[in-house]
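# Results of the structural survey
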Amino acid sequence: MTALLLWTCAGLVALGSGALWWFATRTTDDRRLSQIVLVSYLLRVTLGLALFAISYWGWPIFKSLQLEDRGFWIFALDGRAYHNLGITIAQAWATGTELPRLETAIEFFAVVAGVYRVLGAQPLFPILLNAWLAAANGVLAYAIGRRLGGPRVALLGALFVSFWPS
């Protein structure tokens, strides 16, 4: 991996952290919400980057679960599918050719392709985006919980949703 890629990832994590903090502070004055979503985000980013690095460099950790395509795992085959189809869709957009025929919905494949068109085809970028989207759901859970049950329910909802494994 290049230094540019690492700096890009660090910048994206900083940007994501700032956006989550901003959303949380606009939702409530309770600082615990921003702490919940930021810790959730950083935990997801750390775990995602660690798993990617272990497989990418072929470290002898859970070796039997690592795929030959460096950076991917047997227990998360969808990551490789999103990456490969994201590249294909991004190339189709760039050349103006027909999109590949998919046996499933195109939604997240198109999101990955959009990220690849802007930042380049690097599997780390969808990992960071997915971590951000999962953490941002904590803010939405807080807003729903506050409307339905008050501040305590809102914080519990944000906590459960933010740390739900995905």
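Scroll up a little and you will see the structure.
Now for a description of the structure that goes with this document. This is a predicted model, so every value here is computed, not measured. (Residues numbered from 1 in each chain as written. Predicted model: local features only at pLDDT ≥ 70, side-chain atom pairs only at ≥ 80, totals over all residues. Heavy atoms only, no water.)

### Some points on the overall build of the chain
- Scanning the chain from terminus to terminus reveals 6 helices and 0 strands.
- When the helices and strands of the chain are placed in sequence order, the string is α-α-α-α-α-α.
- Among the 166 residues that make up the chain, the fraction classed as buried is 37%.
- The contacts in the chain between residues at least 6 apart in sequence include a share of 54% that link residues at least 24 apart.
- Carbon and sulfur atoms form 66% of the exposed surface of the chain, whose accessible area is close to 10,100 Å².
- Both charge centroids of the chain, one from 12 positive and one from 8 negative side chains, sit 11 Å from each other. (Helix = DSSP H or I, 4+ residues; strand = E, 2+ residues; numbered from the N terminus. Buried < 20%, exposed > 50% of the residue type's maximum accessible area, 1.4 Å probe, protein only. Contact = heavy atoms within 4.5 Å. Areas by Shrake-Rupley, 256 points an atom, 1.4 Å probe, with all protein chains shown as cover. Lys, Arg positive; Asp, Glu negative; His and termini not counted. Charge placed at Lys NZ, Arg CZ, Asp CG, Glu CD.)

### Regarding helix H5 (residues 124-149)
- Between its first and last C-alpha, H5 extends 38 Å over 26 residues, near the 38 Å set by a 1.5 Å rise per residue.
- A positive backbone phi angle near 100° is found at Gly150, which sits one or two residues after H5. (Expected span 1.5 Å × (residues − 1).)

### As for helix H2 (residues 31-56)
- Between the first and last C-alpha of H2 there are 37 Å, a value that for 26 residues agrees with the 38 Å anticipated at 1.5 Å per step.
- Just past H2, the residue Gly58 takes up positive phi, approximately 65°.

### Quick word on the pattern of salt bridges
- Applying the stated criterion across every chain, the model contains 1 salt bridge.
- Between Asp30 and Arg32 there is a salt bridge, and its shortest N-O distance comes to 2.8 Å. (Salt bridge = Lys/Arg side-chain N within 4 Å of Asp/Glu carboxyl O.)

### Some details on the nonpolar core
- Counting 32 residues, the largest nonpolar core has Cys9, Leu20, Leu33, Val37, Tyr41, Val45 and Tyr142 as its most contacted members.
- Within the residue set of this core, elements represented by two or more residues are helix H1 (3-27), H2, helix H3 (77-95), helix H4 (107-119), H5 and helix H6 (151-162).
- Residue contributions to this core peak at 9 residues, all from H5.
- Contact partners of Tyr142, with chain neighbours within four places excluded, come to Thr27, Thr28, Asp30, Leu33, Pro151, Ala154, Leu155 and Ala158. (Core = buried A, V, L, I, M, F, W, Y, C linked by side-chain atoms within 4.5 Å.)

### Notes on the packing of H3 against H4
- It is the contact of H3 with H4, at a shortest axis distance of 7 Å, that shows an interaxial angle of 65°. The hand of the H3/H4 crossing is right-handed. Within the contact between the two elements, H3 uses Ala81, Tyr82, His83, Leu85, Gly86, Ile87, Ile89, Ala90, Trp93 and Ala94 and H4 uses Phe108, Phe109, Ala110, Val112, Ala113, Gly114, Tyr116 and Arg117.
- Of the residues contributing to the contact of H3 with H4, the split by class is 14 nonpolar, 3 polar and 1 charged. (Axes fitted to C-alpha atoms, helices over the stretch in contact; angles between N-to-C directions. Left-handed = near helix turned anticlockwise from the far one by under 90°. Nonpolar A, V, L, I, M, F, W, Y, C, P; charged D, E, K, R; others polar.)

### So, the environment of Arg31
- Note that Arg31 resides in helix H2.
- Overall, Arg31 belongs to the exposed group, its relative accessible area being 65%.
- Each C-alpha atom of the pair Arg31 and Trp21 lies 9.4 Å from the other, and the pair is 10 residues apart in sequence.

### Considerations on the packing of H2 against H5
- One way to put it is that H2 packs onto H5 with a least axis distance of 9 Å and a crossing angle of 160°. Judged by the angle between their axes, H2 and H5 are roughly antiparallel. Considering the relative orientation of H2 and H5, their crossing is right-handed. Within the contact between the two elements, H2 uses Leu33, Val37, Ser40, Tyr41, Arg44, Val45, Gly48, Leu49 and Phe52 and H5 uses Leu124, Ile127, Leu128, Ala131, Trp132, Ala134, Ala135, Gly138, Val139 and Tyr142. (Parallel < 35°, antiparallel > 145°, perpendicular 65-115°, else oblique.)

### Things to note about the side chain of Asp30
- Structurally, Asp30 is set in the loop between H1 and H2.
- Engagement of the side chain of Asp30 in a polar contact is seen with the side chain of Arg32, the distance being 2.8 Å.
- Dropping the residues within four chain positions of it, Asp30 is found in contact with Tyr142 and Leu155. (Polar contact = N/O pair within 3.5 Å; in protein donor to acceptor, adjacent residues only side chain to side chain.)

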